[in-house]
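The primary structure of each chain is shown beneath.
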Amino acid sequence: MLSDNALWRPFLDGIWITLQVTFYGAALGTFMSVLSGLASMSSVRGVRWVSRVYVDFFRGTSAIVQLFWIFYALPLIGPSFSPMVAGAVTLGLNMGSYGSEVVRGAVQAVPRGQTEASIALNLSAMQRMQYVIFPQAAVSMLPPYGNLLIELLKASALVSLITLADITFVAQVLRVNGTASTLTLFSIALVLYFVIAQGIALVVRLAEARLSQGLEVGRGAGRRAA
Amino acid sequence: MTWDWEFAWRIMPRLLEGLVTTVQATLLGITLAMVLGLVLAMLRRSEVRAISWPTAWVVEFIRSTPLLVQLYFLYFVGPTFGLTMGALTTGVLGLGLHYATYTSEVYRAGIESVPRGQWEASTALNLSPVTTWGRVVLPQAIPVVIPALGNYLIAMFKDVPLLATITVLDVLGEARAVGAQSFRYLEPYTLAGLLFLAVSIPASILVRQLEVRLARRP
Amino acid sequence: MPVDLDVPVHPRMSEVEGSAVRFQQVTKSFGDLVVLDDLDLDVAAGEKLVIVGPSGSGKTTILRVLMTLERPDSGLVQVNGDYLYHEERNGRLHAASQRHIRQVRRRIGMVFQHFNLFPHMTALENVSFAPRKVLGLSRSEGVEKAKDLLSSVGLGDKFDEHPSRLSGGQKQRVAIARALAMEPEVMLFDEVTSALDPELVGEVLGVLRDLAENTSMTMLLVTHEMGFAREIGDRVVMFDEGHVVEAGPPEQIFANPQEQRTRDFLHAVLDRK
Ligand SMILES: Nc1ncnc2c1ncn2[C@@H]1O[C@H](COP(=O)(O)OP(=O)(O)O)[C@@H](O)[C@H]1O
Ligand SMILES: [Mg+2]
C-alpha cells in the first residue's frame with residue numbers, strides 16, 4: 001500500500017506547499033527580525049516604541065488566533081488575502097517578533113571595542129553596522145535563528161486550517177477519504193516534518209561553520225539555553 | 001460589516017468560559033510537561049547509551065514536528081487501538097508531551113550551569129547524593145530554570161487554541177462555535193485575540209521581573 | 001554633550017595656529033568622579049607627546065575625548081585649528097553636527113590597548129577596509145596600500161591570516177597599520193603594549209620608534225614604558241587627578257622632576273621594574 005500513488009502523490013504536493021509557505025514566511029520573518037531588532041536599539045524613542053508594540057503584540061497573541069483573524073475576520077472589514085499570503089504573512093510576522101530579540105541580543109553582544117575601532121576609522125554609522133557589527137553578530141544569531149526556522153516550519157501546519165493543502169491538510173483529507181490508516185497517515189506527516197526540520201538544521205550548521213571561519217568568538221557564543 | 005458592540009458584549013461570557021478551559025488546559029499541561037521533562041532530562045543524562053541516545057532522538061523528533069499533527073495523531077490514532085480519551089485529556093497529553101521536550105532542555109541547561117567545582121567540592125566534603133542534589137546543585141540550578149519555565153508556560157498558553165481543532169471548547173473553540181452559529185466572525189476572533197493579550201502581556205512582564213529578581217540574587 | 005556656547009570665538013585663536021591639538025578647559029566627569037578637570041593642553045604639530053601618570057588618572061580619557069569616544073562635559077577641543085565639538089557660525093560657537101565631527105575626526109587615528117581588530121576580516125582586510133569605504137580607494141589601491149603597510153610593520157607574510165591566528169604583538173602591529181592606512185595627522189596610542197606578553201613588547205615598540213623617528217605625524221602616547229618614553233618623547237606630561245602635574249622634555253621630567261607627585265610616581269614605577 002505504501003507504493004500507492006494515491007497516497008504519495010498528494011503528500012508530494014503537500015510537501016511543496018509546506019516548503020513554499022515556510023520559505024515565504026522565513027523571508028518575511030528574517031526581514032522583520034532585522035528591522036525590528038535594529039529598531040529596538042534606535043536612538044529615536046518613537047522607533048523603539050513601534051518595535052516594542054510589534055513584538056509584544058505578536059508574542060502576546062496566539063499564532064492560530066492571528067491566522068484566523070487575518071483570514072476570517074479581517075476580510076469583513078478590510079482586505080482579504082489568499083490562504084498562502086495570509087499564512088506566510090502571519091508566520092513571518094510571528095517569527096519576526098521572536099527574531100527581533102535574537103538580533104538585538106547578538107548585536108549587543110558584539111564587544112564595544114568593535115564600535116570604537118570603527119569610529120576611530122571614521123566609518124559612518126551605517127557602514128559600522130553593515131560591515132563590522134552585523135557580520136559578527138550574524139554568527140551568534142545563527143543557532144537561535146535555526147531554532148526559529150524550525151518553529152516556523154512547525155507553525156506552518158496551521159495553514160491547513162485555512163484550506164491550504166500542506167502536509168497536514170493532505171493527511172487530514174486522506175484520513176477522511178479512508179485512503180490509509182490514521183496511524184500510517186499521521187506517521188508519514190510527522191516523519192516528513194522531521195526530515196524537513198533536520199534539513200533546515202543541517203543548512204544552518206553549515207552556514208554557521210562557514211561564517212565563523214577565523215572568528216575567535218565563533219560557535220556557541222550566542223547559543224542560548226533552551 | 002461593522003463592529004457590533006451589543007453582539008460582542010453578548011458573546012463575552014462564552015469566550016470567558018472558553019478562557020477558563022484554556023487556563024485549565026495550560027495548568028494541567030505545564031504540570032505534565034514539568035514532570036515528564038524531568039524524566040526525559042534524567043534519561044538523557046543516563047550513562048547507559050542505550051537509554052540516553054534514543055531519548056535524545058525522541059526529544060528531537062517531538063521537538064521538531066508540529067504540535068497540531070501530534071494532537072491529530074493522539075486524537076485519531078489512539079481510538080484505532082482502543083485508546084479513547086476525551087478531547088481535553090488528549091489535548092493536555094499532547095501539550096504536556098510536546099513541551100516536556102522543551103522543559104527537559106531547560107532542566108539540562110540548569111543542571112549544567114552549576115560549575116563542576118560544586119560537584120567536586122560536595123564529593124570532597126563527603127556529602128550524600130541527596131544532600132548534594134538538594135542543598136548544593138538544585139538551589140543553584142533552580143533560579144536559572146524558573147524564568148525559562150515561565151516562558152514556556154506562556155508559550156503553552158498560546159498553543160492551547162490548537163486544541164480547538166480536536167473539538168475542545170477553549171477560547172478559540174468558543175469563538176469558532178459562536179461564529180458558526182451567528183455567521184459573525186469579526187467580534188469573536190477579535191475578542192479572542194484581545195483575551196490572549198490581556199493574559200499574556202501581564203504574564204510576560206511578571207516572568208521578566210522574576211528573571212531580574214532571581215538574577216540579582218547572590 | 002557640549003551645548004551651544006553662544007560666546008565669541010576665542011580671541012587667542014591666531015596664537016594656536018601651530019598647535020595640532022589643543023584642549024581648553026576641558027572637563028569630563030563620570031557621575032561624581034571628575035576625570036578631566038579644566039584640562040589645558042597644547043600639542044605642537046609633529047610633536048611626540050608622551051603622557052604618563054598613575055592608573056585611573058584619566059590618561060585614556062584624554063585620548064578618548066580626542067577620538068570622540070567620550071563627549072566632554074565642557075570646554076573646547078581643537079584639531080589643527082578646527083573645533084572638534086563645535087562649529088563656528090557668525091563668529092559664534094555652536095554644538096557641531098555629526099557631519100562636522102566626522103570631518104575633523106578624519107585627521108585622527110587611534111591604536112587601542114586591546115587591539116580591537118575586526119575578527120571576521122583577515123589582516124589585509126582589516127587594513128584595506130576603511131581606506132576603501134571611507135577614503136574611497138578602489139579595491140586594488142586599498143589592497144596595495146595595505147600590503148605596503150603590513151610589510152612595513154614586518155607582517156608581509158600574514159596578509160591572509162585572521163586575527164585569531166596572530167600573536168598579541170602581531171595583532172597590535174596590524175592595528176597600527178590599520179590606523180596608519182587612514183593617513184591621520186594625529187595618532188593616539190593608548191598603552192599599546194600593556195596587553196602583550198613581555199617578550200612581544202619589543203616588536204611593537206620597534207614599530208613605534210620607527211614611526212616617531214621617520215614621520216612628521218603628531219603622536220600622543222600613553223605608556224608605562226618609561227625607557228621608551230624617554231627615548232622617543234619630545235615632551236613628557238605627568239598627569240594625575242585630572243590635571244597636568246608637570247610637563248617638560250624627558251631629561252627634565254625623568255632626571256630632575258620638580259613636583260613631589262612626579263617623583264613619587266617615578267619611584268613607584270621604576271621600583272616595580
Ligand atoms: N565609561 C566610564 N564610566 C565610568 N567611569 C569611567 C569610565 N571610563 C573611565 N572611568 C573612570 O575614570 C577614571 C579615569 O579613567 P582612565 O581615563 O581610563 O584612566 P587611565 O587611563 O589613566 O588609567 C577611572 O577612575 C575610571 O574608572
Ligand atoms: Mg588607561
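Colleague: Whenever I open this one, the overall build of chain B confuses me. Can you help?
Modeller: Helix and strand counts for chain B stand at eight helices and zero strands. Mapped in sequence order, the helices and strands of chain B form the string α-α-α-α-α-α-α-α. Dimensions along the principal axes, computed over C-alpha positions, put chain B at roughly 75 × 45 × 25 Å. Looking at chain B as a whole, 47% of its 218 residues are labelled buried. For chain B, restricting intrachain contacts to residue pairs at least 6 apart in sequence, the fraction spanning at least 24 positions comes to 79%. As displayed, chain B offers around 11,200 Å² of accessible surface, 67% of which is attributable to carbon and sulfur atoms. Averaging the positions of the 16 positive and the 13 negative side-chain charges in chain B gives two centres separated by 8 Å.

Colleague: How do you make sense of the pattern of salt bridges when you look at a structure like this?
Modeller: Where charged atoms from two side chains of opposite charge approach closely, those side chains can pair. Applying the stated criterion across every chain, the model contains 22 salt bridges over all chains. When the shortest N-O distance is used, the salt bridge between lysine 145 of chain C and glutamate 183 of chain C registers 2.7 Å. Of this pair, lysine 145 of chain C sits in helix H4 (residues 139-152) while glutamate 183 of chain C sits in the loop between helix H5 (168-180) and strand E9 (186-190), placing them 38 residues apart in sequence. Judged by relative accessible area, glutamate 183 of chain C falls into the exposed class, the value being 55%. Put simply, aspartate 240 of chain C and arginine 261 of chain C hold a salt bridge, and the shortest N to O gap is 3.3 Å. You can see aspartate 240 of chain C sitting in strand E11 (residues 235-240) and its partner arginine 261 of chain C sitting in helix H9 (residues 260-272), a full 21 residues away along the chain. Taking the relative accessible area as the measure of exposure, aspartate 240 of chain C reaches 12% and is therefore buried. One network of salt bridges, in which partners are shared, links Arg112 and Glu116 of chain A together with Arg64 and Glu70 of chain C.

Colleague: Just to check I follow, could you spell out the sheet that holds strand E2 (residues 33-44) of chain C for this structure?
Modeller: Pairing between the strands of a sheet is mediated by backbone hydrogen bonds and can be parallel or antiparallel. Residues and elements named next belong to chain C. On the basis of which strands lie adjacent, the open sheet formed by four strands has the order E2-E1-E4-E5 and antiparallel pairing. What marks the edges here is a single partner per strand, and that holds for E2 and strand E5 (82-83). As defined by bridge partners, strand E4 (residues 74-79) adjoins E5 across two bridges and the pair is classed as antiparallel. Residue glutamine 78 lies in a different strand from E5, and its bridge partner there is tyrosine 83.

Colleague: Explain the sheet that holds strand E10 (residues 218-222) of chain C to me, please; I cannot follow it from the model alone.
Modeller: All names here are of chain C. With respect to topology, six strands assemble into an open sheet ordered E8-E9-E10-E3-E11-E12, the strand pairing being mixed. Of all the strands in the sheet, just strand E8 (108-111) and strand E12 (243-248) have a single pairing partner and so form its edges. Put simply, the sheet's adjacent strands are angled 20 degrees from each other on average, direction ignored. Across four bridges, the pairing between strand E3 (residues 48-52) and E11 is parallel. Bridge pairing links leucine 49 to arginine 235 in E11. The strands that H5 touches are E8 and E9; relative to E8, the one it contacts most, it runs at about 175 degrees.

Colleague: Mind showing me how you'd approach helix H2 (residues 49-63) of chain B here?
Modeller: Side chains three or four residues apart in an α-helix point the same way, a direct result of the helix having 3.6 residues per turn. With 15 residues, H2 of chain B should cover 21 Å at 1.5 Å per step; its first-to-last C-alpha distance of 21 Å lies within 8% of that length. What H2 of chain B keeps buried is the set Ser52, Thr55, Val59, Ile62 and Arg63 of chain B. Looking straight down H2 of chain B, one finds its buried side chains confined to an arc of 100 degrees; they lie on one side. Projecting away from the buried face of H2 of chain B at angles above 90 degrees are the exposed residues Arg49 and Ala50 of chain B. For H2 of chain B, the elements touching its buried residues are helix H6 (125-155) of chain A together with helix H1 (5-45), helix H3 (67-80) and helix H4 (87-112) of chain B.

Colleague: Looking at this model, I keep getting lost on the pairing of E11 of chain C. Mind explaining?
Modeller: Successive residues of a regular strand alternate their side chains across the two faces of the sheet. Residues and elements named next belong to chain C. Of all six residues in E11, five are buried; the element is thus mostly enclosed. Examined bridge by bridge, E11 and E12 share five bridges and lie antiparallel to one another. Directly across from aspartate 240, in E12, lies its bridge partner histidine 243. The loop that links E11 with its antiparallel partner E12 comprises two residues; one of these, glutamate 241, has a positive phi angle of about 50 degrees.

Colleague: How should the interface of chain A and chain C be read in this particular structure?
Modeller: Taken residue by residue, the interface counts 21 residues in chain A and 25 residues in chain C. Summed over both sides, the interface of chain A with chain C buries roughly 2,100 Å², with 60% coming from carbon and sulfur. Counting the contacts that link chain A with chain C gives one salt bridge. A salt bridge links glutamate 116 of chain A to arginine 64 of chain C, with the nearest nitrogen and oxygen atoms 2.8 Å apart. At the boundary of chain A with chain C, the tally comes to eight residue pairs in polar contact (both at pLDDT 80 or more). Among the elements that take part in the side of chain A that touches chain C, helix H5 (residues 112-120) of chain A stands out by supplying eight residues, more than any other.

About the thresholds
Within any chain, residue numbers begin from 1 and follow the written order of that chain's sequence. In the order they appear in the text, chains get letters beginning with A and ligands get numbers beginning with 1. Selection of residues for local features in this predicted model requires a pLDDT of at least 70, selection of side-chain atom pairs for listing and counting requires 80 or more, and totals for whole chains, interfaces and linings are taken over all residues. Side-chain measures here rest on the full set of heavy atoms in the structure, leaving out hydrogens and waters. Runs of H or I in DSSP of at least four residues are treated as helices and runs of E of at least two as strands, each being numbered from the N terminus. Under the scheme applied here, a residue whose accessible area is under 20% of the maximum for its type counts as buried, over 50% as exposed, and between as partly exposed, the area being computed with a 1.4 Å probe on protein chains only. In what follows, a contact means two residues having at least one pair of non-hydrogen atoms within 4.5 Å. Only the protein chains shown count as cover for residues, with accessible areas throughout obtained via the Shrake-Rupley method and a probe of 1.4 Å. Residues scored as positive are Lys and Arg, those scored as negative are Asp and Glu, and His as well as the terminal groups of each chain are ignored. Every charge is mapped onto a representative atom, which is NZ of Lys, CZ of Arg, CG of Asp or CD of Glu. Put simply, a salt bridge is a Lys or Arg side-chain nitrogen that is within 4 Å of an Asp or Glu carboxyl oxygen. Pairing between two strands requires that DSSP report at least two bridges joining them. Each axis is a line fitted through C-alpha atoms, and for a helix only the stretch in contact is used; angles between axes span 0 to 180 degrees, taken between their N-to-C directions. Between the first and last residue of a helix there are one fewer steps than residues, each counted as 1.5 Å, and that sum is the expected span. Arc definition: directions from the helix axis to the C-beta atoms. The quantity reported as buried area is the accessible area (1.4 Å probe) lost by two parts once they are put together, taken as the sum for both. The term polar contact refers here to a pair of N or O atoms within 3.5 Å; inside protein, the definition further demands a hydrogen-donor-capable atom paired with an acceptor-capable atom, and it admits residues adjacent in sequence only when both atoms are side-chain atoms.

Don't take any of this as a statement about function, it's just geometry.
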